[in-house]
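Below are the chains, spelled out letter by letter.
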Amino acid sequence: MQIRVYYEDTDCGNVVYYANYLKFCERARSELFFQKGLSPHNDDEFFVVKSVQADYVKSAVFGDLLDITTKLIEKKAASIVMYQEVFRNDELLFRATFKLAFLKNYKPSKIPIELLEIFN
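Residues numbered from 1 in each chain as written. Predicted model: local features only at pLDDT ≥ 70, side-chain atom pairs only at ≥ 80, totals over all residues. Heavy atoms only, no water.

### Let's talk about the pairing of strand E6 (residues 91-104)
In terms of strand pairing, strand E3 (residues 45-56) meets E6 through 11 bridges, oriented antiparallel. Within the sheet, the bridge partner assigned to Gln 53 lies in E6 and is Thr 97. Hairpin connection of strand E5 (residues 79-88) to E6: two residues between the antiparallel strands, including Asn 89 at a positive phi of 55 degrees. Of the pairings in the sheet, the one linking E6 to strand E7 (residues 107-108) comprises two bridges and is antiparallel in character. Counterpart to Leu 103 in the pairing with E7 is Pro 108. (Pairing = 2+ DSSP bridges. Helix = DSSP H or I, 4+ residues; strand = E, 2+ residues; numbered from the N terminus.)

In structure tokens:
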């Protein structure tokens with residue numbers, strides 16, 4: 001998935017504000033659902049980020065075109081682990097591992113098969 005860095009994504013030095021990398025990754029994960037005609041949030045069923053381990057390698061700046069890659073690295077009954085990277089051209093800028101828990105009625109629940117198929 002590609003994202004353009006807009007002025008609103010940057011700090012006063014035109015460098016992407018650190019928290020926005022997490023937002024870029026969230027958009028890329030949501031896009032996986034949208035590409036299949038689904039939503040990452042359905043009434044009382046949704047994924048939440050349980051933990052994240054992030055590594056800020058280099059800075060993106062205003063106007064950059066970024067590529068976000070997403071890989072599933074672990075599937076369990078009620079959670080998944082995803083690895084995401086943000087690149088400018090072929091230059092790695094950011095990488096993170098996200099553990100997502102699946103909730104139904106705000107309680108951990110088994111991930112439905114149709115949602116697991118999105119990550120294949």
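Continuing now.
### Regarding the packing of aromatic side chains
Counted under the stated rule, the structure contains 10 aromatic pairs. Between Tyr 21 and Tyr 56, the aromatic rings sit 5.7 Å apart at their centres with planes inclined by 75 degrees, giving edge-to-face as the arrangement. Residue Tyr 21 is located in helix H1 (residues 18-34), and its partner Tyr 56 is located in strand E3; the two are separated by 35 residues in the primary sequence. Its relative accessible area of 38% is what places Tyr 56 among the partly exposed residues. Measuring from centroid to centroid gives 5.1 Å for Phe 47 and Phe 102, while their planes differ by 65 degrees, and the two rings are edge-to-face. Highlighted residues: Phe 47 in strand E3 and Phe 102 in strand E6, separated in sequence by 55 residues. Phe 102 shares its class with Phe 47; the two are buried. Through pairs of rings, three or more aromatic residues link up here, namely Tyr 17, Tyr 18, Tyr 21, Phe 24, Tyr 56 and Phe 94. The side chain of Arg 29 reaches across the aromatic face of Phe 98, ending 4.2 Å from its centre. (Phe/Tyr/Trp six-rings, centres within 6.5 Å; stacked < 30°, edge-to-face > 60°. Buried < 20%, exposed > 50% of the residue type's maximum accessible area, 1.4 Å probe, protein only. Lys NZ or Arg CZ within 6 Å of the ring centre and 35° of its normal.)

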